[in-house]
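# Inside the fold
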Amino acid sequence: MNNNKFIIGITSIGSGIGQSVISSCRLSNLPLRTIGLGMNPFAYGAYDCDAFDYLPTIYDENYVDELIRKCGEYCIDLIIP
């Protein structure tokens, strides 16, 4: 929790499901800061989150390591894959 906001990491923000999660977070009126994680910086979800960062494809051998690194970098409280 940072500045009284929960920091939520959302992966696959370019997919329909990822975008639905982002919309649900916004509509919840909870004190959230959303961090979008994905491969496509032009995905709709990248612009609807508070911040966006690149994450390699799930098939990349470094995917889990990168995901863990991003969680630490942004102090993510909860990740929604």
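Overview of the structure. (Residues numbered from 1 in each chain as written. Predicted model: local features only at pLDDT ≥ 70, side-chain atom pairs only at ≥ 80, totals over all residues. Heavy atoms only, no water.)

So, on to helix 3 (residues 63–74). With 12 residues, helix 3 should cover 16 Å at 1.5 Å per step; its first-to-last C-alpha distance of 16 Å lies within 8% of that length. Among the residues of helix 3, Tyr63, Leu67 and Lys70 are the ones counted as buried. One face of helix 3 carries all of its buried residues, which in axial projection span an arc of 60 degrees. Exposed residues pointing more than 90 degrees away from the buried face of helix 3 are listed as Val64, Asp65, Ile68 and Gly72. Among the structural elements, strand 1 (6–11), strand 2 (32–38), strand 3 (51–54) and strand 4 (78–80) are those in contact with the buried residues of helix 3. (Helix = DSSP H or I, 4+ residues; strand = E, 2+ residues; numbered from the N terminus. Expected span 1.5 Å × (residues − 1). Buried < 20%, exposed > 50% of the residue type's maximum accessible area, 1.4 Å probe, protein only. Arc of directions from axis to C-beta. Contact = heavy atoms within 4.5 Å.)

A few words now on the pattern of salt bridges. This model, assessed by the stated rule, comprises 4 salt bridges. As a salt-bridge pair, Arg26 and Asp50 come within 3.2 Å of each other at their nearest N and O atoms. Of the two residues, Arg26 sits in helix 1 (residues 16–27) while Asp50 sits in the loop between helix 2 (44–48) and strand 3, which places them 24 residues apart along the sequence. Judged by its relative accessible area of 37%, Asp50 falls in the partly exposed class. Each of Glu66, Arg69 and Glu73 takes part in one network of salt bridges that share partners. (Salt bridge = Lys/Arg side-chain N within 4 Å of Asp/Glu carboxyl O.)

Before going further, it helps to examine the pairing of strand 3. A one-sided burial pattern is seen for strand 3, the buried positions being Ala51 and Asp53 and the unburied ones Phe52 and Tyr54. Of the strand pairs in this sheet, strand 2 and strand 3 are connected by 4 bridges, and their pairing is parallel. Of the residues in strand 3, the one forming a bridge with Leu37 is Asp53. (Pairing = 2+ DSSP bridges.)

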